[in-house]
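Commentary on secondary and tertiary structure
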Amino acid sequence: MKRNRKLYIAVALICSLGLSSCNKFLDEMPDNRATLDTEAKIDKLLVSAYPEVAYLMSAELSSDNVDDYGPTNPNSQRFMEELFHWKDVTDNQDEGPKDVWEACYKAIASANAALKAIEEMGNPASLNPQKGEALAVRAYNHFTLVNLFAQHYTKANAATDLGVTYMTTAEEDLDPKYERNTVQEVYDYIVADLDEAIPLIDDSSFGSTPKYHMNSRAANALRARVALYMQDWEKAVSFANAAIGTNPTSLLRNYERIAADAVGSRGFPNGAISYTKSEEKANLMVATAATQHGVIFGPYTYGSRYSHGAFLANNETAMAQGPYGKLGATGYVLRVSVYAGTNLDKVLFPRVSYMFEYTDPVAGIGYARGAYVPFTTEETMLVRAEALIHLKRYDDAAVDMKRWVDNTLVRPPVNFTVASINTWANGIDYSSAQSPTAKKALNPQMIPFEVGTQENMLHALLFLRRVETLHMGLRWFDVKRYGIEVERRVLSSSGAVASVETDTKLIARDKRAALQIPAEVIAAGYTPNPR
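Scope of this entry: the structure provided in the associated data block. Not measured: the values here are computed from a predicted model. (Residues numbered from 1 in each chain as written. Predicted model: local features only at pLDDT ≥ 70, side-chain atom pairs only at ≥ 80, totals over all residues. Heavy atoms only, no water.)

So, on to empty space enclosed by the protein. One pass over the structure, following the stated rule, counts seven cavities of 30 Å³ or more. By volume, the largest cavity is sized at about 130 Å³. Along the wall of the largest cavity there are 13 residues; nearest its centre are V373, T376, T469, M472 and L474. Among the elements that line the lining of the largest cavity, the one with the most residues is strand β9 (residues 365–376), at four residues. Residues of the lining of the largest cavity, tallied by class, amount to eight nonpolar, two polar and three charged. Within this model, the second largest cavity holds a volume of roughly 90 Å³. (1 Å grid on protein atoms, 1.4 Å probe; cavity = no way out; pocket = protein on both sides within 12 Å on 5 of 7 lines; lining within 4 Å. Points joined across faces, edges and corners; volume = space filled by probe spheres on them. Helix = DSSP H or I, 4+ residues; strand = E, 2+ residues; numbered from the N terminus. Nonpolar A, V, L, I, M, F, W, Y, C, P; charged D, E, K, R; others polar.)

Now for a nonpolar patch on the surface. On the surface, a cluster of nonpolar side chains totalling about 300 Å² of accessible area is made up of Y354, F356 and Y358. Looking at the secondary structure, you find Y354 in the loop between β7 (344–348) and β8 (355–360). (Patch = residues over 30% accessible without salt bridge, like charges linked within 9 Å, V, L, I, M, F, W, Y side chains within 5 Å. Areas by Shrake-Rupley, 256 points an atom, 1.4 Å probe, with all protein chains shown as cover. Salt bridge = Lys/Arg side-chain N within 4 Å of Asp/Glu carboxyl O.)

Here the focus is the packing of aromatic side chains. Evaluated as defined, the whole model comprises 17 aromatic pairs. Summarising the aromatic geometry, the rings of W101 and F149 are spaced 5.1 Å apart at their centres and angled 85 degrees between planes, so their arrangement reads as edge-to-face. Of this pair, W101 sits in helix α5 (residues 97–120) while F149 sits in helix α6 (residues 128–149), and the two are 48 residues apart along the sequence. Residue classification places F149 among the buried residues on the basis of a relative accessible area of 0%. Between Y324 and W404 the ring centres are 6.1 Å apart and the planes differ by 35 degrees, which places this aromatic pair in the tilted class. Of this pair, Y324 sits in the loop between β4 (321–322) and β5 (325–326) while W404 sits in helix α15 (residues 394–408), placing them 80 residues apart in sequence. Among the aromatic residues, those joined into a ring-pair cluster are Y55, F143, Y153, Y187, Y229 and F477. (Phe/Tyr/Trp six-rings, centres within 6.5 Å; stacked < 30°, edge-to-face > 60°. Buried < 20%, exposed > 50% of the residue type's maximum accessible area, 1.4 Å probe, protein only.)

Printed below as a string of structure tokens:
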């Protein structure tokens, strides 16, 4: 693995308030770091090792979970249009790629400062939980960065594809120089950090708020997802087992409780608050971030030009002809929320809460914030099911998939088996932009699979994952992993297909699938992604 010593990552990694502010930050940090000499101070620093900006918007708007409702719908921002069309983002909104980049590297700097302080204190066993948390969140932030700003991991290309710079030390130089690690190197560092971290994490050290930290279940769920993305199927199963147990039925989401909260005039926002509660057993970890996600993917016209609407829902996602049949909005225990009106066509699940933090209540100025769930029992269970499919343990995979179906649907089918999945998959056509279905062609050059039962099981699994992670950004990584081609649709005001942008079709390993490095960082000498 190469150490990170050549090309410059802009000082904007640490702050984005201008050179004078950054100089002030760098001037102060050495003194602040010198005072990290107690467990309490390290605990306090680790609070800032979690990113203040979420990747959800950048990933979800890049995915095939949104359609374009056309120029007659004025409810958009330039960064949304740029992400939707896989353009280099020039409109630096608060949760665009630039802010995700800066937030992750700022969080990494905090984790590295904590690790340095622990080392300087002699690595006492009493600080093992803090060391484990710091290593795990360092891995998590780099995992976010490499999956957004690089090509997806493939065994054939990871050793040569440009990754991101893996920061393993606390930076002390004013003008450091760095080079980009390869995707393989980044993943190797992630694995090393997590494998060292997991035995050290002690949930009791988090007091009454373990869900707001990289606790043991969350760290194992992350490690399972990393293994899945690396096509290390046995380890994906093993770490998923460590996260949720072999039979996670008792840890599945209590949709009845959430549905009961999601009623009345504030049903949708109340449902989102209920969904993200730390008391919910299925929430392995809860995070907060500056985000307008709860509005853009909420029952409002704001951001409605690029939406998950009725056409998508009825043909490709929650209300399409899926492996458990074709459902209406009330077919799910937590019902699908359908909103329609002038310049409004949204079909949604409540999954990210919305809050407004006032910095000046009199002037009405502040920041949009939200709570979201990076790791859940259900998604981790589907990670395991996918790995089992690749291991050709189809019946075992179907058990996990049926657990999801039984817990999510009001009237789950009596038979949800390998045979029923084969019947479903063999009976529907592959999707196209004009004639969409729930079965999209997968590229065997990205992840090898056999035609027949294995492919059919993967289609069913990816459909369940798509519904389970709707609005949460993970579908973008599934698109990249399997080389799913995406053609952008423009819908008319009636919700029908007005046109298809065939010239801009996204293909497997498309260069645009790696979001461009922020312009300020490139200007400072960092190698950009090829275009």
